[in-house]
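Below are the chains, spelled out letter by letter.
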Amino acid sequence: IVNCSILVTRKYAFKKAHKKGESMKALESVSRTAHFIDIENLSESSILDEELVQEVRKEYFAMVKPGLDDIFVIGVSHFNLAAATFGWGAGVAQYVVQSGQDGADLALAEALCSPCVTGRFLKVCIGSGDGLFAPLGESLLQSGMVVKFAAREECLSREIYQSGCECILLPSLKNYTEEYELV
């Protein structure tokens, strides 16, 4: 379903920007957020399945409330790529894949540092509690971007908590994993 009011607003904004000689990229960045998801961290597991990823996506959307035009970049190991793709949704996110210790985190951090992000977006949400992302969040915050972290309380590092960025706490998955193991 296409939200026509967004299309009309964009078309109007583009015409208005064109008359003023402004870039449409700057106008788009105001309303869009770039979401960087460490799916294994939010899932509290290094072994994923499609149902677990769907549950994480549902909780993330309920707590963070992303916009219709937001973009998603999911960091994942090659081992969990199929579960992440089918669980989050094929075609609705970009997947950065790297295996090994902190492999997915490093791939996600590299994507987060891309000039395509820092030049086009004013808002970023990092779905991870891993302290590796704290300096990146602080740096983006100091550059004038709005930076939020979404993480589970038991996975939220002290570095992120002290970074000055907003922290959104997702509910624990303990009940979900206990139900899943019993079935």
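Since this is a predicted model, take the numbers as computed values, not measurements. Positions within a chain are numbered from 1, following the residues in the order the chain's sequence is written. In keeping with the predicted nature of the model, local features appear solely for residues at pLDDT of at least 70, side-chain atom pairs appear and are counted solely at 80 or more, and the whole-chain, interface and lining totals rest on all residues. Each side-chain value is derived from all of the structure's non-hydrogen atoms; neither hydrogens nor water enter the calculation.

Chemist: Got a sec to walk through the confidence of the model for the chain? Specific residues and values, please.
Modeler: Known as pLDDT, the predictor's confidence for each residue is given on a scale from 0 to 100. Summarising the model, the chain shows a mean pLDDT of 83, and 79% of its residues fall at 70 or more. Low confidence marks residues 1-18, where pLDDT is under 50. Its contacts with residues over four positions away, or in another chain, come to 13 contacts. Residues are treated as being in contact if the distance between any of their heavy atoms lies within 4.5 Å.

Chemist: Can you explain the sheet that holds strand β5 (residues 146-152)? Please cite residues and give values.
Modeler: Strands pair, by our definition, only if DSSP identifies at least two bridges between them. Working definition: helices are DSSP H or I runs of at least four residues, strands are E runs of at least two. Numbering for both runs from the N terminus. Spatially, β3-β2-β1-β4-β5-β6 is the arrangement adopted by the six strands of the open sheet, whose pairing is parallel. Only two strands of the sheet have a single partner each, and these edge strands are β3 (94-97) and β6 (166-170). Sheet twist, expressed as the average angle between the axes of neighbouring strands with direction ignored, equals 20 degrees. Relative to the sheet, helix α4 (residues 50-64) contacts β1 (33-38), β2 (71-76), β4 (123-127), β5 and β6, its axis offset from that of β6 by approximately 135 degrees. Axis lines are fitted to C-alpha atoms, over the contacting stretch for helices. Their N-to-C directions set the angle, which ranges from 0 to 180 degrees. Along the sheet face, helix α5 (residues 81-88) touches β1, β2 and β3 and points at about 165 degrees away from the line of β3.

Chemist: Summarise the packing of aromatic side chains; cite the residues concerned and give the values.
Modeler: Pairing of aromatic rings covers Phe, Tyr and Trp, the last counted by its six-membered ring, and requires centre-to-centre distances within 6.5 Å; plane angles under 30 degrees mean stacked, over 60 mean edge-to-face, and any other angle means tilted. Under the criterion given, the structure shown has five aromatic pairs. Note on F61 and F72: the rings are 5.4 Å apart at their centroids and 15 degrees apart in plane angle, and the pair reads as stacked. Note that F61 is positioned in helix α4 and F72 in strand β2, a separation of eleven residues in sequence. A network of ring pairs unites the aromatic residues Y60, F61, F72 and W88 as a single cluster. By definition here, charges over rings are those cases where NZ of Lys or CZ of Arg is within 6 Å of the ring centre and within 35 degrees of the ring normal. The ring of F61 is capped by R57, whose NZ or CZ atom sits 4.3 Å from the centre of that ring. Cation over ring: R57 sits above W88, and NZ or CZ is 5.8 Å from the ring centre.

Chemist: Please set out helix α8 (residues 134-142) residue by residue, giving values where relevant.
Modeler: Taken together, the buried positions of α8 are A134, L136, G137 and L140. The buried residues of α8 occupy an angular sector of 160 degrees when the element is viewed end-on, so they sit on one face. In this structure, α8 carries P135 and Q142 as exposed residues pointing more than 90 degrees from its buried face. Tucked inside the fold, the buried residues of α8 contact α6 (103-112), α7 (115-118), β5 and α9 (158-161). One or two steps after α8, the chain reaches G144, where phi turns positive at roughly 105 degrees. In this scheme, a residue with accessible area under 20% of its type's maximum is buried, one over 50% is exposed, and one in between is partly exposed, where area comes from a 1.4 Å probe on protein chains only. Each C-beta atom gives one direction from the helix axis, and the arc is the one those directions make.

Chemist: Account for α4, naming residues and giving values.
Modeler: To estimate how far a helix should reach, multiply one less than its number of residues by 1.5 Å. A rise of 1.5 Å per residue sets the reference length of α4, with its 15 residues, at 21 Å; its end C-alpha atoms lie 21 Å apart and thus fit the reference within 8%. When we look at burial in α4, the residues that qualify are L52, V53, E55, V56, E59, Y60 and V64. In a view along the axis of α4, the buried residues occupy a sector of 160 degrees, so they form one face of it. One side-chain oxygen of the residue at the start of α4 lies 3.2 Å from the amide nitrogen of E51, identifying that residue as D49. Positive phi appears at K65, one or two residues downstream of α4, with a value of about 55 degrees. Here a polar contact is recorded for every N or O atom pair within 3.5 Å, except that within protein the pair must consist of a potential hydrogen donor and a potential acceptor, and residues adjacent in sequence are included only if both atoms are side-chain atoms.

Chemist: Can you explain the pattern of salt bridges? Please cite residues and give values.
Modeler: The salt bridge definition used is simple: a Lys or Arg side-chain nitrogen within 4 Å of an Asp or Glu carboxyl oxygen. Per the stated rule, a full pass over the model turns up three salt bridges. R152 serves as the salt-bridge partner of E44, at 3.5 Å between the closest nitrogen and oxygen. Note that E44 is positioned in the loop between α3 (39-42) and α4 and R152 in strand β5, a separation of 108 residues in sequence. For E44, a relative accessible area of 32% gives the class partly exposed. With a closest N to O distance of 2.8 Å, E59 and R152 form a salt bridge. In this pair, E59 is assigned in helix α4 and R152 in strand β5, connecting sequence segments 93 residues apart. E59 gets classed as buried once you look at its relative accessible area, which sits at 11%.

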